[in-house]
Amino acid sequence: MTPRRSPIWHPFTQHGIEHNMPEIARAHGAWLETVDGKRIFDAISSWWVITHGHCHPKIVAAIQQQASTLDQVIFAGFTHAPAETVASQLIGMAPAGLAHVFFSDSGSTAVEVALKMALGYWRNRGEARTRILALEHAYHGDTVGTMSAGARGIFNAAYEPLLFDVGRIPLPLAGQEQQSFLALDAACRSGNIAAFICEPLILGAGGMMMYSADALAELHRIAKMHGVLFIADEVMTGFGRTGRTFACDHAHITPDILCLAKGLTGGSMPLAATLCMEAIFDAHVATDRARMFFHSSSYTANPIACAAAAANLEIWQTKPVGTRIAALAEMQRDALCALQQDARFSNIRQIGTITAFDVSSSDEGYLSDIALPLRRACLDRGVLTRPLGSTIYVMPPYCTTKSELTHVYAAISDAVDEVTA
Ligand SMILES: *Cc1c(COP(=O)(O)O)cnc(C)c1O
């Protein structure tokens, strides 16, 4: 074992094979820069969080201003302007009908809050509904509750005894929609279902698997027909990735509960929000303290994070963000066109600003030998990627230019050649 000087234990990192991590000193736009001045293009938006670009001046200024005014305050029984601003801006942007905003710190906590809201809703209504339905291949986070809702595999095998059982619905992939709809309908009929949770239109960590807006609308219709709460986990898809502000917008649906995190602050600060319909909030309102929503975390609605989010949402209101996203989606489409004829790649797909394709020859699965060598080979060429098994995806910040994107795809192409040679 190579001796390490750093005491840090990194996330999703096998320290037995991953050594010498680049040390990043600064970032600007779509680029990272190491301490020794090497520039790296951030082709995965720093794990799907950066939207407009790194260190956006408006967001930086808002953080600086807020940090010297009000850094943190207990949010139980108190409120503050940055949180109020973000909440009302979110209600204005989100699908119509969502009426309340609960703040937390990460995508995982946004989903945990959603699951707890759903169970609290039914309990306070006196109905015995406690079971959760989720899609196969789902990813909802790494805490115990979100792992339970997510697909089982090597990532959570050690924790399996602690995970609660959920009903699994097959993905409504093209040509397989009916099996999915029938399975959801049958599962909802079993009576004790509290909620159905899904990643709308694209399953991220599950392998960038995509399904249609029509299928999403049908899943929503079936759940609602049975009175089952519909939870949309838009932690990855939210804030423009799919070409619209939220993936649910493509299907013209309003989920009962909407989970947001990654892009909420433009990627600058950890903050999450779980939005819900009036009825879910109302079910928790009474003069009886036993009916309140029993959830908090120390930094709930941290003012600095909220100021960053408010600045981000203001950018959405005042700048042509939609136009930029449409332009990036178009550039991505052109880049994929070139790959269509390329025998090295299969299952070439896109939604909005996200593209994905599989390296044809390699083994399946997250631990597939190709992922780490590919990541390294891309990094050698100055591009940050993080293939999911043999699936390569490109999810860049919205400020990405055509020539930067050309650089990304050229690096990937060369890297694939090097690794598969
Ligand atoms: C990343 C992600 C999460 C978890 O978010 P964290 O901030 O990493 O806890 C949950 N759901 C989806 C769809 C995600 O992509």
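What you are looking at is a predicted structure, and each value in this text was computed from that prediction instead of being measured. (Residues numbered from 1 in each chain as written. Predicted model: local features only at pLDDT ≥ 70, side-chain atom pairs only at ≥ 80, totals over all residues. Heavy atoms only, no water.)

Draft legend 1. Local environment of a nonpolar patch on the surface. Taken together, the side chains of Phe 12, Trp 47, Ile 154 and Phe 155 define a hydrophobic patch exposed on the protein surface, amounting to about 400 Å² of accessible area. Tracing the sequence through the fold places Trp 47 in helix α1 (residues 45–48). Owing to a relative accessible area of 35%, Trp 47 belongs among the partly exposed residues under this scheme. (Patch = residues over 30% accessible without salt bridge, like charges linked within 9 Å, V, L, I, M, F, W, Y side chains within 5 Å. Areas by Shrake-Rupley, 256 points an atom, 1.4 Å probe, with all protein chains shown as cover. Salt bridge = Lys/Arg side-chain N within 4 Å of Asp/Glu carboxyl O. Helix = DSSP H or I, 4+ residues; strand = E, 2+ residues; numbered from the N terminus. Buried < 20%, exposed > 50% of the residue type's maximum accessible area, 1.4 Å probe, protein only.)

Draft legend 2. Spatial organisation of the pattern of salt bridges. According to the stated counting rule, one finds 15 salt bridges in the structure shown. In this structure, Glu 127 engages Arg 125 in a salt bridge whose closest nitrogen and oxygen atoms are separated by 3.8 Å. Judged by relative accessible area, which is 34%, Glu 127 ranks as partly exposed. With its nearest N and O atoms 2.8 Å apart, the salt bridge here joins Arg 221 to Glu 218. In this pair, Arg 221 and Glu 218 are both assigned in helix α7 (residues 213–225), 3 residues apart and thus about one turn of the helix distant. Through salt bridges with shared partners, a single ionic network connects Arg 125, Glu 127 and Arg 129.

Draft legend 3. How the structure looks around the domain arrangement of the protein chain. By domain assignment, the protein chain separates into domain 1 (60–318) and domain 2 (320–420). On a C-alpha basis, the centres of domain 1 and domain 2 stand 28 Å from each other. Contact with domain 1, which involves 18 residues of that partner, is made by 18 residues of domain 2. Of the roughly 1500 Å² buried where domain 1 meets domain 2, counting both sides, 74% is carbon and sulfur surface. (Domains from an automatic or database assignment. Contact = heavy atoms within 4.5 Å. Buried area = accessible area lost by both parts, 1.4 Å probe.)

Draft legend 4. Quick peek at the nonpolar core. Counting 97 residues, the largest nonpolar core has Phe 196 and Met 208 as its most contacted members. The element that contributes the greatest number of residues to this core is helix α10 (residues 303–318), accounting for 10 residues. Both domains that meet at this core, namely domain 1 (60–318) and domain 2 (320–420), each give it at least three residues. Excluding residues that lie within four positions of it along the chain, Phe 196 makes contacts with Leu 133, Ala 134, Leu 135, Ile 169, Leu 184, Leu 219, Val 228, Leu 229, Phe 230 and Ile 231. By size, the runner-up hydrophobic cluster in this structure holds 28 residues, among which are Leu 115, Ala 149, Leu 229 and Cys 276. (Core = buried A, V, L, I, M, F, W, Y, C linked by side-chain atoms within 4.5 Å.)

Draft legend 5. Molecular detail of the sheet that holds strand β14 (residues 354–359). The antiparallel open sheet is built from 3 strands, whose spatial order is β13-β14-β16. Looking along the sheet, the strands with just one partner apiece sit at the ends: β13 (345–351) and β16 (391–394). When the angles between neighbouring strand axes are averaged without regard to direction, this sheet yields 15°. Where β14 lies against β16, 4 bridges are found, and the strand directions are antiparallel. Paired with Ala 356 across the bridge in β16 is Tyr 393. Where helix α13 (residues 402–420) meets the sheet, it contacts β13, β14 and β16, and its direction lies at approximately 165° from that of β16. (Pairing = 2+ DSSP bridges. Axes fitted to C-alpha atoms, helices over the stretch in contact; angles between N-to-C directions.)

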